[in-house]
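Overview (structure and organization)
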Amino acid sequence: MRIVLAPDSFKGTATAAEAARALADGWHSVRPHDELVLLPMADGGEGTLDAVATAHPGATVHEVPGCTGPDGRPVPGRYLLLPDGTALVELATASGLPLLEGRLAPLAATSRGTGEAIAAALDAGATALTVALGGSASSDGGAGLLSALGLRVLGHSGAPLPDGGGSLATAGHIDTRRLRPGPPGGVRLLTDVTNPLYGPDGAAAVYGPQKGAGPSEIALLEHGLRRYAELLGGDPHHPGAGAAGGTAYGLATAWDARITPGAAAVADLLDLDAALAGADLVVTGEGRFDATSLLGKAVGEVIDRAHRAAVPFRVVAGDSTDDRALTLLSLSGDSADAQRRATHWLELAGAHLAHSADRCTDALTR
């Protein structure tokens, strides 16, 4: 049999690559002669760079030391250069919420480090750019990122404003004269959200609380994003403009970047359709599988493409309300242990599926 193992990450417990490897080890312990295709997935957020790097042996990862972290401390950045000249930058690498280590900074957090990684990629000769948005610590509309590329956000006195969404409300002028041009091959933004920049469904209102913003801080961030949009122009209501604290809006406006569904774009980058061609079964999964998994997420994308390719699928999840999923919780019987030893239980899940391989080929495909 030819089996495609295409899980997303099990957030906080196993990366997508670790999950795929554990499932493969379990499967091969029962059926050692089957052909296994490991294709760790992502939806345009955290883990996208690693997933694409795994699927493209000709791609090279480049480190960018000393990028500005979301709280101003230096952090290591990186980008992936594909053989066609496209650079892939993952925003979470230099501007992600986990980098704050619990020291949340809803007003001061900046996306500047991602801009520095982008600048390094362009300096190295990248001809096109893909930015994976997700896991952002900031709500600065991408002002920090663009500032690293030459844009200046100025107060009414003409002095540059400090980084962070909290200062945008006092912006008097945005100077784009020194903003470096985007790459000739264009810029694509990967996201799995459709929020506008501001408003009740916008970046501050919806995602501000998880970045530590209380009601008064959300109001200030909202005011700042509205003022920022007044000065920069563009379309703050475009679906997805609010992704990564409005970074999608900033890049779409300043660099004419295209906002695209992340899971579908990553599936194309990984050539998922080619992997599914001739497969007998595809196994996908994530930490929690529920109705939202089918709405723009990696697992839903795998299932949709499996349908189109007429390939049966199975889902492995940490936990699920859907009885189609094999859960680590059902195997372990203990939620804490399922999370603590996720790769162990994923390996057992792979073995469980291999034991029922004959039935797997008739698995549910609805």
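Below is a summary of the structure that appears in this document. (Residues numbered from 1 in each chain as written. Predicted model: local features only at pLDDT ≥ 70, side-chain atom pairs only at ≥ 80, totals over all residues. Heavy atoms only, no water.)

With that settled, the discussion passes to the overall build of the chain. Along the backbone of the chain there are 15 helices and 13 strands. In terms of overall dimensions, the chain is globule-like: its C-alpha atoms have a radius of gyration of 21 Å, near the 21 Å expected for 366 residues. When its C-alpha atoms are laid out on the principal axes, the chain stretches across 70 × 45 × 35 Å. Each of the 366 residues in the chain was classed as buried or not, and the buried ones make up 55%. Expressed as a percentage of contacts within the chain between residues at least 6 apart in sequence, the contacts between residues at least 24 apart total 72%. As displayed, the chain has an accessible area near 14,500 Å², and 53% of this comes from carbon and sulfur atoms. (Helix = DSSP H or I, 4+ residues; strand = E, 2+ residues; numbered from the N terminus. Rg over C-alpha atoms; globule rule 2.2 N^0.38 Å. Buried < 20%, exposed > 50% of the residue type's maximum accessible area, 1.4 Å probe, protein only. Contact = heavy atoms within 4.5 Å. Areas by Shrake-Rupley, 256 points an atom, 1.4 Å probe, with all protein chains shown as cover.)

Attention shifts here to the layout of surface pockets. Picture a little ball the size of a water molecule; that probe, rolled over the atoms, points out where space is still empty. Quantified by volume, the largest pocket comes out at close to 800 Å³. When residues of the lining of the largest pocket are traced back to their parent elements, those giving at least two are helix H8 (243-255), strand S11 (281-289), strand S12 (313-320), helix H12 (328-332) and helix H13 (335-340). Of the residues that constitute the lining of the largest pocket, the class distribution is 12 nonpolar, 13 polar and 10 charged. Within this model, the second largest pocket holds a volume of roughly 390 Å³. In this structure, the second largest pocket is lined by 26 residues; those nearest its centre are Thr-15, Glu-46, Gly-47, Asp-50 and Glu-90. (1 Å grid on protein atoms, 1.4 Å probe; cavity = no way out; pocket = protein on both sides within 12 Å on 5 of 7 lines; lining within 4 Å. Points joined across faces, edges and corners; volume = space filled by probe spheres on them. Nonpolar A, V, L, I, M, F, W, Y, C, P; charged D, E, K, R; others polar.)

With parallel pairing, five strands are arranged side by side in an open sheet as S2-S1-S11-S12-S13. The two strands at the open ends of the sheet, each matched to only one other strand, are strand S2 (35-38) and strand S13 (325-327). Averaged over all neighbouring strand pairs, the angle between strand axes comes to 25°, with direction disregarded. Across three bridges, strand S1 (residues 2-5) lies against S11 in parallel orientation. Its bridge partner being in S11, Val-4 is matched across the sheet by Val-282. (Pairing = 2+ DSSP bridges. Axes fitted to C-alpha atoms, helices over the stretch in contact; angles between N-to-C directions.)

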